[in-house]
Amino acid sequence: MHNHPSGNPEPSGADKVLTQRLKEALALVDVRTLDHIIVAGSTTASFAERGLI
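Rules used throughout
Residues numbered from 1 in each chain as written. Predicted model: local features only at pLDDT ≥ 70, side-chain atom pairs only at ≥ 80, totals over all residues. Heavy atoms only, no water. Helix = DSSP H or I, 4+ residues; strand = E, 2+ residues; numbered from the N terminus. Buried < 20%, exposed > 50% of the residue type's maximum accessible area, 1.4 Å probe, protein only. Polar contact = N/O pair within 3.5 Å; in protein donor to acceptor, adjacent residues only side chain to side chain. Contact = heavy atoms within 4.5 Å.

**Student:** Requested: an account of the environment of leucine 22, with residues and values cited.
**Tutor:** Tracing the sequence through the fold places leucine 22 in helix α1 (residues 13–27). Judged by its relative accessible area of 45%, leucine 22 is partly exposed. The spatial distance from the C-alpha of leucine 22 to the C-alpha of serine 46 is 16 Å, given a sequence separation of 24 residues.

**Student:** Got a sec to walk through the side chain of serine 46? Specific residues and values, please.
**Tutor:** Along the chain, the position of serine 46 falls in strand β3 (residues 43–46). Within polar-contact distance, the side chain of serine 46 engages the side chain of aspartate 35 at 2.7 Å. A polar contact of 3.1 Å, which involves the side chain of serine 46, links it to the backbone nitrogen of glutamate 49. Apart from the residues within four sequence positions on either side, serine 46 is in contact with Asp35 and His36.

**Student:** So what's going on with the environment of glycine 7? Residues and values would help.
**Tutor:** Topologically, glycine 7 is positioned in the loop between β1 (2–3) and α1. In the structure, glycine 7 is positioned 15 residues away from leucine 22 in sequence and 24 Å away in space, judged by C-alpha atoms.

Here it is as structure tokens:
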């Protein structure tokens, strides 16, 4: 989870690349990534809900 101070919760290209790299690295030590949530003010965006993870 991280925040977007801009107020726009849409995942950026960098968010998507970083999430994939972290997911791959964590899988090496048997840690499953369940979601990546972006918080922007009072709104959120979930990678899992969008099928991005």
